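# Architecture and fold: a report
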Amino acid sequence: MTQFSLGEFRPVADHVFVAVAEPAAVNIGLVVGPLGCLVVDTGSSPAQGAAIRAAAEAFAGVPVLAAVATHWHFDHAFGLAGFTGVATFAHETVPSWLAHPSAREVAENLGVDFDSLAAPTQTFALARVVDLGGPRVELVHFGRGHTDGDVVAIVPESGVIFTGDLLESAGPPAFGSDCHLREWPSAVDGILGLVGEDTILVPGHGQPMDRLAAFQQRAEISGLYGQVEYLIGRGVKQDDAYAEGEWPFDETTVREVLPLAYAELAAAGIVPRRQLPLA
């Protein structure tokens, strides 16, 4: 049976804290202001979402005014139903994903009642701002990447950016069947355009990252896509791609992402073609 738990909130910067929720070791953000607090990502079930809300209010000493899901995946959005009565935010694509058969399958595997899941109360295409009576949190969609609805939560006064799974430090980025490989680096560029030397980037999973680590991961994602495009241009088929390429990630990660990359490029009309000999 899936075990759900929540660690203690620990400081990241002024007014900003992070706790880790299991079973997916997801970072749960907390931004505290005089009027109330905002939770970044909501955990893996409605019950865990309610537990996160209660823990946030006990820790902060003020009510939760809002919560945001950085994207639709279970560990980030399945807890939205635990925030009844407060504003919950996500990108406009999230409600349809939470009603999708793939979400039902994940819920069943977790032992979570699919019908208990809730959509966000407020959705947006590009940006929203949440005022906590001092600190403000800017919610921004920089484009498609890890999913089609990635949202970044920016806390300008504290120099902190919650990146969701556009960036990860616990391991390689999670390349799922709903990711957009070609566009992913551009979405990260939106984040990097706001990063100064002292900015703290809180990824979806793992320890905070600095500017250099984020630049490196952006380059690796771009390099992976570019390598596949190069191999296809040489006529290399998917089954031979790992052996023929130079890769920025481990073999398991690359072999899992190759079908996604080949499919994405095929959808754009880019497929391996037989190369004629030069002599």
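Below: a short report on this structure.

Our next topic: the sheet that holds strand β9 (residues 127-131). Spatial strand order, β9-β10-β11-β12-β13: 5 strands in an open sheet with mixed pairing. Both edges of this open sheet fall to β9 and β13 (200-203), since each of them pairs with a single strand only. Ignoring which end each strand starts from, the neighbouring axes of this sheet average 20° apart. As paired elements, strand β12 (residues 160-164) and β13 share 4 bridges and run parallel to each other.

Once that is clear, we can look at the pattern of salt bridges. What the rule picks out here adds up to 8 salt bridges. The residue R53 makes a salt bridge to E57 at a minimum N-O spacing of 3.9 Å. Of this pair, R53 and E57 both sit in helix α1 (residues 46-60), 4 residues apart, which is roughly one turn of the helix. Through salt bridges that share partners, R136, E138 and E157 make up one connected network.

So, on to the pairing of β12. Across the 5 residues of β12, 5 count as buried, placing the element largely inside the fold. Of the two faces of β12, both are covered, the one formed by V160, F162 and G164 as well as the one formed by I161 and T163. Alignment of strand β11 (residues 152-155) against β12, held across 3 bridges, turns out to be antiparallel. Within β12, the position partnered with V155 by the bridge is V160. Linking β11 to β12, which pair antiparallel, is a turn of 4 residues; within it G159 sits at a positive phi near 70°. Running through helix α5 (residues 184-192), the crossover from β12 to the neighbouring parallel element β13 is right-handed.

This paragraph deals with the packing of aromatic side chains. For the coordinates displayed, the defined rule picks out 6 aromatic pairs. Consider the rings of F74 and F78, whose centres lie 6.3 Å apart with planes at 65°: the pair is edge-to-face. The exposure class of F78 is buried, given its relative accessible area of 1%. An aromatic cluster of three or more residues is present, and its members are F9, F17 and F59.

Criteria and cut-off values
- Residues numbered from 1 in each chain as written.
- Predicted model: local features only at pLDDT ≥ 70, side-chain atom pairs only at ≥ 80, totals over all residues.
- Heavy atoms only, no water.
- Pairing = 2+ DSSP bridges.
- Helix = DSSP H or I, 4+ residues; strand = E, 2+ residues; numbered from the N terminus.
- Axes fitted to C-alpha atoms, helices over the stretch in contact; angles between N-to-C directions.
- Salt bridge = Lys/Arg side-chain N within 4 Å of Asp/Glu carboxyl O.
- Buried < 20%, exposed > 50% of the residue type's maximum accessible area, 1.4 Å probe, protein only.
- Right-handed = clockwise from strand over helix to strand, strands pointing away.
- Phe/Tyr/Trp six-rings, centres within 6.5 Å; stacked < 30°, edge-to-face > 60°.

Functional significance is not addressed by these values, which are geometric in nature.
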